[in-house]
Amino acid sequence: MGFSALVPSSPPPAPALALEFSGGVSVGGIQVGTEPRLAVSPFIGWLWRRTGEFRIEVHNVLSVVPGAGVGVYDRTAVTFGYTTKTGNVSLGPSLSIYMMQVCGAVICDRVMGVAPGGRAQSDWYFAGRLGASTSVNVDWAGGSSRVLPGGMVLMVTAGPIWRFGGESN
């Protein structure tokens, strides 16, 4: 009787394949031009888990930017992340479509366009499917504009998140 007969064999671990949706509303600041603004940002995420800890997610944020002329800033990102029992972190490229009032050092103007960028996000689930989400987004607005010096757009948001479907950690 060999050693292997004494140790029960176990099946190889199967990769965790799950599909989840998450959504919430964040509030934060957007820095466009020289004037920082408050933005309210409802968001949704669609998550594919490829292995137990690593994931791929498509995330969309639509930010409403109040002011003299209400603006919108819509961002879609494909992120790659790491999941733990109580949360996850992710990082990836994004593409934004925007139309809003922006003020530079001298003038204000309505701008619209498309901007490539990057996104980092962390989610922490503290009550089953309910949690908190924070994100940092940096975009580079194209073209030369007197109201978008440097062409950089920075947004930092935080708010509640709710996970729909999939397995709750």
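Note: the structure precedes this text.
What you see is a predicted model; the values in this text were computed from it and never measured.

About the cut-offs
Residues numbered from 1 in each chain as written. Predicted model: local features only at pLDDT ≥ 70, side-chain atom pairs only at ≥ 80, totals over all residues. Heavy atoms only, no water. Helix = DSSP H or I, 4+ residues; strand = E, 2+ residues; numbered from the N terminus. Buried < 20%, exposed > 50% of the residue type's maximum accessible area, 1.4 Å probe, protein only. Contact = heavy atoms within 4.5 Å. Areas by Shrake-Rupley, 256 points an atom, 1.4 Å probe, with all protein chains shown as cover. Salt bridge = Lys/Arg side-chain N within 4 Å of Asp/Glu carboxyl O.

Before we move on, could you go through the overall build of the protein and cite the residues and values that matter?
Assigned secondary structure in the protein consists of one helix and eight strands. The N-to-C order of helical and strand elements in the protein reads α-β-β-β-β-β-β-β-β. Taken across its 169 residues, the protein has 37% of its residues classed as buried. Long-range pairs, those at least 24 residues apart, make up 54% of the contacts in the protein with a sequence separation of at least 6. For the protein, the computed accessible surface area is about 9200 Å², with 71% contributed by carbon and sulfur atoms.

Outline the pattern of salt bridges, supporting the account with residue identities and numerical values.
Counted according to the given criterion, the structure contains two salt bridges. We note a salt bridge from arginine 55 to glutamate 57, for which the minimum N-O separation is 2.5 Å. Per residue, the accessibility class of arginine 55 equals that of glutamate 57, and both read buried. When the shortest N-O distance is used, the salt bridge between arginine 75 and aspartate 139 registers 2.9 Å. Taken together, the residues span a long stretch of sequence, with arginine 75 in strand β4 (residues 71-83) and aspartate 139 in strand β7 (residues 130-140) at a distance of 64 residues. In this structure, arginine 75 and aspartate 139 share a single accessibility class: buried.

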